[in-house]
Amino acid sequence: INHVVHNGGLYKRPFNEAFEETPMLVAVLTYVGYGVLTLFGYLRDFMRQWKIEKCQNATEREEQKDFVPLYQDFENFYNRNLYMRIRDSWNRPICSVPGAKVDMMERVSHDYNWTFTYTGRVIKDIINMGSYNYLGFAQKTGACQEAAAKVLSQYGAGVCSTRQEMGNLDKHEELEKLVARFLGVESAMAYGMGFATNSMNIPALVGKGCLILSDELNHASLVLGARLSGATIRIFKHNNMQSLEKLLKDAIVHGQPRTRRPWKKILILVEGIYSMEGSIVRLPEVIALKKKYKSYLYLDEAHSIGALGPSGRGVVEYFGLNPEDVDVMMGTFTKSFGAAGGYIGGKKELIDYLRTYSHSAAYATSMSPPVVEQIITSVKCIMGEDGTTIGRARVQQLAENTRYFRRRLKEMGFIIYGNEDSPVVPLMLYMPAKIGAFGREMLKRNIGVVVVGFPATPIIESRARFCLSAAHTKEMLDTALKEINEVGDLLQLKYSRRRLVPLLDRPFDETTYEETED
Amino acid sequence: QEKEELIEEWQPEPLVPSVPKDHPALNYNIVSGPPTHIITVNGKECINFASFNFLGLLNNEKVKSAAQASLKKYGVGTCGPRGFYGTFDVHLELEERLAKFMRTEEAIIYSYGFATIASAIPAYSKRGDIVFVDEAACFAIQKGLQASRSNIKLFKHNDMADLERLLKEQETEDQKNPRKARVTRRFIVVEGLYMNTGDICPLPELIKLKYKYKVRIFLEESLSFGVLGEHGRGITEHFGINIDDIDLISANMENSLASIGGFCCGRSFIIDHQRLSGQGYCFSASLPPLLAAAAIEALNIMEDNPDIFQTLRTKCEWMHKALQGISGLKVVGESFSPALHLQLEESCGSRENDVKLLKRVVDYCMNSGIAFTQARYLEKEEKCLPPPSIRVVITVEQTEQELDKAASLLKEAAQSLLN
């Protein structure tokens, strides 16, 4: 299914999103694969229970053997039998700055991934396609690092107090003013952890008697925040505006479920870029719906801030919309700014309310000063206020890298999900064995990729996810593409049945291509 | 057609109600410069009695240079969660060092202190399980319990008889339905040193109750880590209890270790589960390496200078004694607790007026060079809201003259403002 939307006045540019359907044969084989693994899982459990095979799990203390078991046996079935086999694809330890190239500590396992030992060797210069380093600010030299070092020697590493007590430093105030200016909103507030920004502020905004409409594929932090708030949650199909409109209509017309009283508020939770799908939210339509039905919009720009838009100001700028239309603009500093933490931006009343009633302001330690300085320097760089054009150049480089990479992968015949402009590129693997194989083969060829399976994705749709960065040069991308091509042939990953005619090598202009069906 | 009308007519509430300009929690103190022993608050230079910098490590040169070295090697951020190239060798080293220091098998690090216990509890306790928690538990524990959707049973603060009564009631319930009881997990969540009341939990009795009624204990040691015990290992060392008797110890590194983040330690059987099911661990970026390096260096200092804990305790006892006898204010907290509360002996009638009065006391002290702060709570969200109070924090860097000065200033303020 491919959408190319121009939708009259709402969209100012084509919106190209593609989610090719799973080929039937592949789906069947995937289920068979999981079936075989499950059977073997039962067999191994049986052998472990009857002591034919040694059980390598950690076990409960002798003194506490008659306590109620802490874990149900079935809960860990997936962990023991499927996850353990390919555990070496995750939690890979690195020992250098997470830039475009990274050094990894070599680790081996002599007992099929139950335990790891470090050989002490370091694998150098692995092309890093897994870290969220969209604008390449993960650097150990440069203006950001120097500024952070200065602030570290002046202020120290920690703060030891909360925002409302004695932890509000002048640096925090400076950061918040800068972030508000960057986003084009009246005021902003920064928090120490992106996950916690969602889980601690959504409960402050909505409560019982309110309705939350949340996208199917929202991040765990949004789901947790929605649950903790106590409001009613209804889920609409991923990026599907008809589903959202239907829910909105029903909500206003029928009111609360049992009492039929009208809802106090309706809050729509969406993300800018969905990190597992690579899709971009249909923001113009969401805003049009929000205005028509008088609800509020909470936009989580964790992956899209800095990565979309001609000057890096996120998905609102990408669509050419007004930031004031979004009621709550939330984002994180971890991805494009090379630091840690989250922010919320919006009208002054909203931020004043959050300063008083947010859980984080009252109970959680404020952000560490060198991290704050890194954000300040990187935001100034993106805005061009540090006197250079590095920021702009990086945003453009990222956009070019994205288009190039996606086009080449599609030409090779892989199934790629998501929007043309999103720097998150999921490549479908489907079969469980290929998850482990892909990760390992790419590592052998010195390329670090991220593979994800169940439960982060639906069970048959496991994928490899590439995160592009402005720090990737064209040579690195070409090397990576060559290796991906090789591994794709080796593992037979080229499932796509819609082949694109490869372009004659025209450098990065607005592409219009012909498509032929095989 | 009707539907169109209904849609037209419906008016939602404003997204947020407006906050009055003089709300006490709205106007933050602005600290210019580092929040160390001498702190510049709102332009005035004061001695810091409000930041939880118990061991004075915030301004320590060795800690700062370790963090600088790490900054030069790794940059600032980690650009990813632990599972996806966000695990650095410093994280692994810090986890090993913490496990060795606390003498447990394994430790796990979180990047945010609040998220540590709030992610740890829901990883083990699910819908249908039972958690017995103290009334004075801090907000992070309350949020963890809310996220876990388990049955919460509150027992009166530090009241073992009340807890035993609840446990006995649960036992009789179990006998009515033994099949359900066999799969219902039970937990007790307590803090080593309570943030809201400044006293410690009676851990030996809790251990006895644990084995008698087969409940697991989760201990939250944010304030007691690096404070209690001969080597700073917390309340288990203070009471001389075998650390394996406690199922999970959770602490944040933001108080004694003067860094950011938190950790949980315990047996591998328990801690390893959080690596896949701790929400704040799996779905969030890892701790910036410079903060992990600062924490490692702080641990080094703690291990090399075990006498700072005794120094801190002496100062706490000194201050506790000095604060006795202030008319109108009573001291709440143990004599060796470095975080005390000063509550009004007689309330003025409403919480709002109490808060205003305490603010005047705090302002008086700040104008004369001692920085205190009021303990801040979210009044509508807390289960058992503590009364308004002034937080007094004692650190190793404060000299005895400064402690005396602070105590006498408080006496003066109480005399002039509270009578």
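Residues numbered from 1 in each chain as written. Chains lettered and ligands numbered in written order. Predicted model: local features only at pLDDT ≥ 70, side-chain atom pairs only at ≥ 80, totals over all residues. Heavy atoms only, no water.

Peer 1: Describe the overall build of chain A, and please don't skip the residues or the numbers.
Peer 2: For chain A, the count of helices and strands is 15 helices and 17 strands. Here chain A has a C-alpha radius of gyration of 24 Å; the compact-globule value for 518 residues is 24 Å, and the two agree. Along the first, second and third principal axes, the C-alpha atoms of chain A reach 70 × 65 × 60 Å. Taking all contacts inside chain A whose residues are at least 6 apart in sequence as the whole, residues at least 24 apart take part in 70%. Surface accessibility of chain A: about 20,300 Å² in total, with carbon and sulfur atoms responsible for 55%. Taking the 64 positively charged and 59 negatively charged side chains of chain A as two groups, their mean positions are separated by 3 Å. (Helix = DSSP H or I, 4+ residues; strand = E, 2+ residues; numbered from the N terminus. Rg over C-alpha atoms; globule rule 2.2 N^0.38 Å. Contact = heavy atoms within 4.5 Å. Areas by Shrake-Rupley, 256 points an atom, 1.4 Å probe, with all protein chains shown as cover. Lys, Arg positive; Asp, Glu negative; His and termini not counted. Charge placed at Lys NZ, Arg CZ, Asp CG, Glu CD.)

Peer 1: I'd love a proper account of the UniProt feature "domain: Aminotransferase class I/classII large" (unreviewed entry) in chain A, names of residues and values included.
Peer 2: If you check UniProt for "domain: Aminotransferase class I/classII large" (unreviewed entry), the listed places come out as residues 124-484 of chain A in our numbering. Summarising residues 124-484 of chain A: 43% helix, 16% strand, and an end-to-end C-alpha distance of 19 Å. (UniProt positions renumbered as here; feature names shortened; annotations may be inferred.)

Peer 1: Tell me about the nonpolar core, residues and numbers included.
Peer 2: One recurring pattern in soluble globular proteins: nonpolar side chains tend to sit buried together. One finds M129, F405, L409, F438 and F466 of chain A together with L323 and F372 of chain B to be the most contacted residues of the largest nonpolar core, which totals 247 residues. Per element, the largest residue contribution to this core is ten residues, and it comes from helix 12 (residues 289-304) of chain B. There are two domains that each give this core at least three residues, and those are domain 1 (16-128 + 390-496) and domain 2 (143-383) of chain A. Other than its neighbours up to four places away in sequence, F372 of chain B contacts M166 of chain A together with F49, A50, V362, C365, M366, I390, R391, V392, A406 and L410 of chain B. (Core = buried A, V, L, I, M, F, W, Y, C linked by side-chain atoms within 4.5 Å. Buried < 20%, exposed > 50% of the residue type's maximum accessible area, 1.4 Å probe, protein only. Domains from an automatic or database assignment.)

Peer 1: Please set out unusual backbone geometry residue by residue, giving values where relevant.
Peer 2: Phi at N91 of chain A is positive, roughly 55°, even though this residue is not glycine. Here N91 of chain A lies in the loop between helix 2 (77-83) and strand 3 (93-94). Given the relative accessible area of 24%, N91 of chain A is considered partly exposed. Of note, the phi angle at R103 of chain B is positive, near 60°, even though the residue is not glycine.

Peer 1: Any details on empty space enclosed by the protein? Residues and values, ideally.
Peer 2: For the coordinates displayed, the defined rule picks out eleven cavities of 30 Å³ or more. Put simply, the largest cavity is a space of about 370 Å³. Lining the largest cavity we find 30 residues, and of these Y363 of chain A together with C138, M195, S222 and N252 of chain B sit closest to its centre. Elements that contribute at least two residues to the lining of the largest cavity include exactly helix 11 (359-363) of chain A together with helix 4 (113-124) and helix 5 (139-148) of chain B. Of all the elements, helix 4 of chain B adds the most residues to the lining of the largest cavity, at three residues. Each residue belonging to the lining of the largest cavity can be placed in one class, and the counts come to 15 nonpolar, eight polar and seven charged. (1 Å grid on protein atoms, 1.4 Å probe; cavity = no way out; pocket = protein on both sides within 12 Å on 5 of 7 lines; lining within 4 Å. Points joined across faces, edges and corners; volume = space filled by probe spheres on them. Nonpolar A, V, L, I, M, F, W, Y, C, P; charged D, E, K, R; others polar.)

Peer 1: Explain the pairing of strand 9 (residues 266-271) of chain A residue by residue, including any values.
Peer 2: All names here are of chain A. Among the six residues in strand 9, six count as buried, and that is most of the element. Burial along strand 9 is two-sided: the face carrying I266, I268 and V270 and the face carrying L267, L269 and E271 are both buried. Sheet topology places strand 7 (residues 211-215) next to strand 9; four bridges connect them, and they run parallel. Considered in strand 9, the bridge of S214 is made with L269. (Pairing = 2+ DSSP bridges.)

Peer 1: Please provide a residue-by-residue account of the environment of Q374 of chain A, values included.
Peer 2: Take Q374 of chain A: it is sitting in helix 12 (residues 369-383). Of the polar contacts made by the side chain of Q374 of chain A, one reaches the backbone oxygen of F337 of chain A; its length is 3.1 Å. (Polar contact = N/O pair within 3.5 Å; in protein donor to acceptor, adjacent residues only side chain to side chain.)

Peer 1: Give me the UniProt feature "transmembrane region" (unreviewed entry) in chain A: which residues, what numbers.
Peer 2: The residues that UniProt annotates with the feature "transmembrane region" (unreviewed entry) are residues 24-43 of chain A. End C-alpha atoms of residues 24-43 of chain A are separated by 29 Å, and the span's content is 100% helix alongside 0% strand.

Peer 1: Which residues make up the side chain of R61 of chain A, and what values go with them?
Peer 2: With respect to the secondary-structure elements, R61 of chain A resides in the loop between helix 1 (24-49) and helix 2. A distance of 3.4 Å separates the side chain of R61 of chain A from the side chain of D245 of chain B, its partner in a polar contact. Discounting residues that sit within four places of it in the chain, R61 of chain A has contacts with K210, Y211, N242, D244, D245 and R267 of chain B.

Peer 1: Which residues make up a negative patch on the surface, and what values do they have?
Peer 2: Side chains of E2, E4, E5, E8 and E9 of chain B sit close together on the surface and give a patch of like negative charge. Classification of E8 of chain B by relative accessible area gives exposed; the value is 62%. (Patch = residues over 30% accessible without salt bridge, like charges linked within 9 Å, V, L, I, M, F, W, Y side chains within 5 Å. Salt bridge = Lys/Arg side-chain N within 4 Å of Asp/Glu carboxyl O.)

Peer 1: Could you give an account of the packing of aromatic side chains, naming the residues involved and the relevant values?
Peer 2: All names here are of chain A. With the rule as written, the count across this model stands at 27 aromatic pairs over all chains. Measuring from centroid to centroid gives 6.1 Å for F182 and F337, while their planes differ by 80°, and the two rings are edge-to-face. Of this pair, F182 sits in helix 4 (residues 170-183) while F337 sits in the loop between strand 11 (328-332) and strand 12 (342-346), and the two are 155 residues apart along the sequence. What makes F182 buried here is its relative accessible area of 2%. (Phe/Tyr/Trp six-rings, centres within 6.5 Å; stacked < 30°, edge-to-face > 60°.)

Peer 1: Any details on the packing of helix 4 of chain B against helix 10 (residues 268-277) of chain B? Residues and values, ideally.
Peer 2: Residue and element names in this part refer to chain B. Their axes nearest at 10 Å, the elements helix 4 and helix 10 cross at an angle of 100°. As judged from the angle between their axes, helix 4 and helix 10 are roughly perpendicular. On helix 10, the residues touching A120, A123 and Y124 of helix 4 are I270, I271, H273, Q274 and S277. Of the residues that constitute the contact of helix 4 with helix 10, the class distribution is five nonpolar, three polar and no charged. (Axes fitted to C-alpha atoms, helices over the stretch in contact; angles between N-to-C directions. Parallel < 35°, antiparallel > 145°, perpendicular 65-115°, else oblique.)

Peer 1: Go over helix 5 of chain B, please, and point to the residues and values.
Peer 2: Residues and elements named next belong to chain B. Burial analysis of helix 5 places nine of its ten residues in the buried class, which makes it a mostly covered element. Within helix 5, burial applies to F139, A140, I141, Q142, K143, G144, L145, A147 and S148. Directly beyond the C-terminal end of helix 5, a positive phi value near 60° is found at R149.

Peer 1: How would you sum up the pattern of salt bridges? Please name residues and give values.
Peer 2: All names here are of chain A. Following the criterion strictly, the structure yields 52 salt bridges over all chains and no others. Across the salt bridge formed by E62 and K65, the nearest N and O atoms sit 3.4 Å from each other. Overall, the relative accessible area of 61% leaves E62 in the exposed class. A salt bridge links E176 to R163, with the nearest nitrogen and oxygen atoms 3.0 Å apart. Of the two residues, E176 sits in helix 4 while R163 sits in the loop between helix 3 (143-155) and helix 4, which places them 13 residues apart along the sequence. According to the relative accessible area criterion, E176 is buried, its value standing at 4%. Among the residues examined, R163 registers a relative accessible area of 4% and is labelled buried.

Peer 1: I'd like a rundown of the domain arrangement of chain A, residues and numbers included.
Peer 2: How big an interface is tends to be stated in terms of the accessible area lost upon association of its parts. Residues and elements named next belong to chain A. Along its sequence, chain A is organised into domain 1 (16-128 + 390-496) and domain 2 (143-383). Contacts between the two partners involve 21 residues from domain 1, matched on the other side by 19 residues from domain 2. A buried area of about 1,500 Å², summed over both sides, lies between domain 1 and domain 2, and 58% of it is on carbon and sulfur atoms. Connecting domain 1 to domain 2 are one salt bridge. With a shortest N-O distance of 3.0 Å, R463 and E277 are connected by a salt bridge. Remark: the boundary between domain 1 and domain 2 carries six residue pairs in polar contact (both at pLDDT 80 or more). Tallying contributions element by element places helix 13 (residues 390-412) first for the side of domain 1 that touches domain 2, with six residues. Of the residues contributing to the side of domain 1 that touches domain 2, the split by class is ten nonpolar, five polar and six charged. (Buried area = accessible area lost by both parts, 1.4 Å probe.)

Peer 1: Which residues make up a nonpolar patch on the surface, and what values go with them?
Peer 2: Residues M24, V28, V32, V36, F40 and L43 of chain A make up a contiguous nonpolar surface patch of about 550 Å² in total accessible area. Here L43 of chain A lies in helix 1.

Peer 1: Explain the sheet that holds strand 14 (residues 424-428) of chain A to me, using residue names and the numbers behind them.
Peer 2: Residues and elements named next belong to chain A. Ordered in space as 14-17-16, the three strands form an open sheet in which the pairing is antiparallel. Because the sheet does not close on itself, it has two edges, and the strands there are strand 14 and strand 16 (450-452). Between one strand axis and the next, the sheet turns through 30° on average, direction left out of account. Bridge analysis of strand 14 against strand 17 (residues 463-467) gives five bridges, and the strand direction is antiparallel. Within the sheet, the bridge partner assigned to V425 lies in strand 17 and is F466. Against the sheet, helix 13 contacts strand 14 and strand 17, and its axis sits at roughly 10° relative to strand 14.

Peer 1: Describe in detail the pairing of strand 5 (residues 117-128) of chain A, supporting the description with residues and values.
Peer 2: Residues and elements named next belong to chain A. In this sheet, strand 5 lies alongside strand 4 (residues 101-108) in antiparallel orientation, the contact comprising six bridges. Paired with K101 across the bridge in strand 5 is I127. One ladder, built from two bridges, connects strand 5 with strand 15 (residues 447-448); its direction is parallel. In the sheet register, I127 faces strand 15, and the bridge partner there is I447.

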